[in-house]
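Below are the chains, spelled out letter by letter.
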Protein chains: 2
Amino acid sequence: MLSKNTIKYIQSLKIKKYRQQNQAYIVEGEKCVTELLHSNIPVLAVYATMNWLEAYENDLRGKQSKAEAITEDELRKISDLTTPNKVLALAGITEYEPLQTIDFSDLILALDSIRDPGNMGTIIRTADWFGIRNIICSPDCVDFYNPKVIQSTMGSFARVKAHYIDLAYSISNAPTGTPIYGALLEGPLLTDKKFQKSGILLIGNESKGISNSLIPFITDPIYIPPFGHGHQNSYHAESLNASIANAIICYEIRKQLTENKL
Amino acid sequence: MLSKNTIKYIQSLKIKKYRQQNQAYIVEGEKCVTELLHSNIPVLAVYATMNWLEAYENDLRGKQSKAEAITEDELRKISDLTTPNKVLALAGITEYEPLQTIDFSDLILALDSIRDPGNMGTIIRTADWFGIRNIICSPDCVDFYNPKVIQSTMGSFARVKAHYIDLAYSISNAPTGTPIYGALLEGPLLTDKKFQKSGILLIGNESKGISNSLIPFITDPIYIPPFGHGHQNSYHAESLNASIANAIICYEIRKQLTENKL
């Protein structure tokens with residue numbers, strides 16, 4: 001049975017300050033927890049229904065001592081989900097590698113003030129799909145360890161690293177010649193661009209776009225053409241959601257590299 | 001000043017049953033409300049700060065009689081947003097055209113049980129960007145007029161039509177030869193496909209994918225290749241978010257058609 005103190009402790013981890021203080025975060029649901037168990041991330045605790053613990057015995061191998069059976073009612077008390085999903089685990093925040101260890105020979109995402117946890121999680125999930133391993137985030141981006149971010153990654157939090165750091169500083173530290181792609185609302189068409197393997201793709205805030213202070217760093221502005229409006233140039237959406245723009249550009253870059261065997 | 005009854009009425013419109021009863025829905029924030037004012041959708045009421053009403057006098061032309069100045073405090077009482085944004089309007093639900101009037105000569109989206117309002121709104125916004133005018137939704141999709149859906153469309157609700165109807169029925173009613181594209185987790189690669197102008201793109205539920213009962217209708221299965229993992233076929237995200245998969249496929253289809261001048 002969960003003690004009052006444990007419930008209080010887990011609930012406190014919904015707040016960034018306490019996650020940092022305790023170097024721990026919440027991972028919820030079957031998909032995310034199994035990804036956690038298969039990763040190198042420290043597992044601090046697993047709270048699950050008896051059925052789940054039995055069904056996932058293999059995945060828990062070596063970690064059983066941290067697992068505790070709880071009831072659906074208890075799960076509801078600690079869950080952040082509208083419909084709690086059988087299991088909730090606590091994971092340990094691991095020290096990030098310094099910026100110097102980032103592999104600038106491959107594509108990197110740079111997120112400028114992404115505030116919505118769903119967008120952040122979706123960007124991480126998309127990055128994982130397209131084999132992007134490093135994301136640099138301006139310090140005012142939503143916290144990677146926010147339960148809603150972790151949830152929206154659908155397990156990809158276990159494979160993608162987010163580095164919170166001043167973007168101007170980190171972009172300046174990229175090797176000379178690294179192209180800096182910026183998703184803008186005008187400029188050269190995405191479909192006309194020829195991409196190389198390395199590069200930093202800069203994605204702007206949901207409502208304000210890329211900060212004025214970062215615009216000068218962009219060497220290759222990119223505009224996703226609003227195809228499908230014929231010759232009339234009819235009225236259409238003013239912009240795309242940040243996670244959608246990111247996905248379309250990542251797709252195009254990775255597609256070109258695969259076709260050109262880079 | 002807003003009467004208690006008005007506040008109660010507006011709050012009731014957060015619930016589908018009352019939206020249907022009153023044939024009205026909430027549109028919030030500067031971006032969405034200006035799109036509403038520029039559309040043919042009936043505007044039933046506009047509640048805004050005095051500053052907003054003055055700044056948007058031109059947009060309100062002909063609709064001033066429906067506009068009422070309210071305080072930020074009053075706005076908070078009726079708003080669905082964490083940070084209310086100057087204006088909230090009520091719009092009238094308009095009768096949908098029957099299925100027969102849908103233009104099957106152009107790309108149509110078919111959403112199978114999309115439940116998340118943010119995903120639904122983002123899909124509508126992306127459709128608008130790529131000039132897709134009609135979306136058919138299974139009856140268990142989240143309601144188009146849900147305030148969170150309207151909000152996530154960023155104004156595109158005013159240009160894209162969603163038809164709630166049995167998908168098997170409506171797909172069967174498409175002209176013979178209409179390709180039915182289905183986003184699956186395996187199958188022919190998106191990048192190998194040659195698209196034509198017409199078609200129905202079937203997008204599945206966030207966790208369960210496309211319903212088993214609809215799979216047989218798919219004439220052209222599509223798999224978005226998880227590029228960027230080299231030859232090692234390393235472990236990566238198991239799937240993409242529904243709105244992301246939709247966007248990447250729409251982009252590829254519209255790009256091909258533009259390149260081939262179809």
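A short tour of the structure in this document, coming up. (Residues numbered from 1 in each chain as written. Chains lettered and ligands numbered in written order. Predicted model: local features only at pLDDT ≥ 70, side-chain atom pairs only at ≥ 80, totals over all residues. Heavy atoms only, no water.)

1. Re the relation of the copies chain A and chain B
For clarity, the cut-off: Here the copies are superposed with least squares, the fitted atoms being C-alpha atoms of residues at a pLDDT of at least 70 in both.
Turning chain A through 180° and shifting it by 0.0 Å along the axis lays it on chain B, with an RMSD of 0.0 Å. Here the transformation between the copies is reduced to the relation of a two-fold axis.

2. Here's the deal with the nonpolar core
Rule in force here: We define a nonpolar core as any set of buried Ala, Val, Leu, Ile, Met, Phe, Trp, Tyr and Cys residues linked to one another through side-chain atoms lying within 4.5 Å. Burial status follows relative accessibility: with a 1.4 Å probe on protein chains alone, a residue under 20% of its type maximum counts as buried, one over 50% as exposed, and anything between as partly exposed. The criterion used for residue contact is that any of the two residues' heavy atoms lie within 4.5 Å.
Residues L111(A), L111(B) and I224(B) are the most contacted members of the largest nonpolar core, which totals 120 residues. Once residues within four sequence positions are removed from consideration, L111(A) is found in contact with M120(A), I123(A), I135(A), I136(A), C137(A), S138(A), C141(A), L167(A) and I203(A).

3. Observations regarding unusual backbone geometry
Residues and elements named next belong to chain A. What counts, and what does not: Counting from the N terminus, the helices are the DSSP runs of H or I reaching at least four residues and the strands are the DSSP runs of E reaching at least two.
Of note in this structure, Q23 is not a glycine but carries a positive phi near 50°. With respect to the secondary-structure elements, Q23 resides in the loop between helix 2 (16–22) and strand 1 (24–28). Despite not being glycine, K86 shows a phi value in the positive range, around 65°. In this fold, K86 is placed in the loop between helix 5 (72–78) and strand 4 (87–92). Here K86 falls in the partly exposed class, since its relative accessible area comes to 37%.

4. Considerations on the interface of chain A and chain B
A common way to state how big an interface is: give the accessible area lost once the parts meet. Worth spelling out the cut-off: Defined in terms of a 1.4 Å probe, buried area is the accessible area two parts forfeit on being brought together, summed over both. A pairing counts as a salt bridge when a side-chain nitrogen of Lys or Arg comes within 4 Å of a carboxyl oxygen of Asp or Glu. In the analysis that follows, any N or O atom pair within 3.5 Å is treated as a polar contact, provided that within protein one partner can donate a hydrogen and the other can accept it, and provided that, for residues neighboring in sequence, both atoms belong to side chains.
Counting residues at the interface gives 37 residues for chain A and 37 residues for chain B. Across the chain A to chain B interface the summed buried area is about 3,600 Å²; carbon plus sulfur atoms make up 61%. Contact with chain B buries surface across chain A, with W129(A), F227(A) and Y251(A) losing the most and accounting together for 24% of the total. Linking chain A with chain B are four salt bridges. Between E238(A) and K31(B) there is a salt bridge, with its nearest N and O atoms 2.9 Å apart. Linking chain A with chain B are 16 residue pairs in polar contact (both at pLDDT 80 or more).

5. Observations regarding the pattern of salt bridges
Under the criterion given, the structure shown has 25 salt bridges over all chains. Note that R133(A) and D128(A) form a salt bridge whose closest N and O atoms lie 3.3 Å from each other. Across the pair E252(A) and K255(B) runs a salt bridge, and its minimum N-O distance is 2.9 Å. Of the two residues, E252(A) sits in helix 9 (residues 242–259) while K255(B) sits in helix 9 (residues 242–259), which places them in two different chains. A single burial state applies to E252(A) and to K255(B), both of which are buried. Three or more residues are tied together by salt bridges with common partners; here these are K31(A), E35(A), D128(A), R133(A), R159(A) and E238(B).

6. Some thoughts on the pairing of strand 8 (residues 180–183) of chain B
Regular strands show a simple pattern: their side chains alternate between the two faces of the sheet. All names here are of chain B. To be explicit about the condition: Strand pairing follows a simple DSSP-based rule, namely that at least 2 bridges must link the two strands.
As defined by bridge partners, strand 8 adjoins strand 9 (residues 199–203) across three bridges and the pair is classed as parallel. In the sheet register, G182 faces strand 9, and the bridge partner there is L202. Across three bridges, the pairing between strand 8 and strand 10 (residues 220–222) is parallel. What sits directly across from G182, in strand 10, is P221.

7. Let's talk about the sheet that holds strand 3 (residues 67–69) of chain A
Residues and elements named next belong to chain A. Our working rule: Convention adopted: a line fitted to C-alpha atoms gives each axis, helices being fitted over their contacting stretch, and angles between N-to-C directions are expressed from 0 to 180 degrees.
Reading across the sheet, the four strands line up as 1-4-2-3 and stay open at both edges, with mixed pairing between neighbours. Of all strands in the sheet, those with a lone pairing partner are strand 1 and strand 3, marking the two edges. Put simply, the sheet's adjacent strands are angled 20° from each other on average, direction ignored. In terms of strand pairing, strand 1 meets strand 4 through five bridges, oriented antiparallel. When the sheet's bridge partners are listed, E28 is paired in strand 4 with L88. Packing of helix 1 (residues 4–12) onto the sheet brings it into contact with strand 1, strand 2 (43–48) and strand 4, and relative to strand 4 it is tilted by some 70°.

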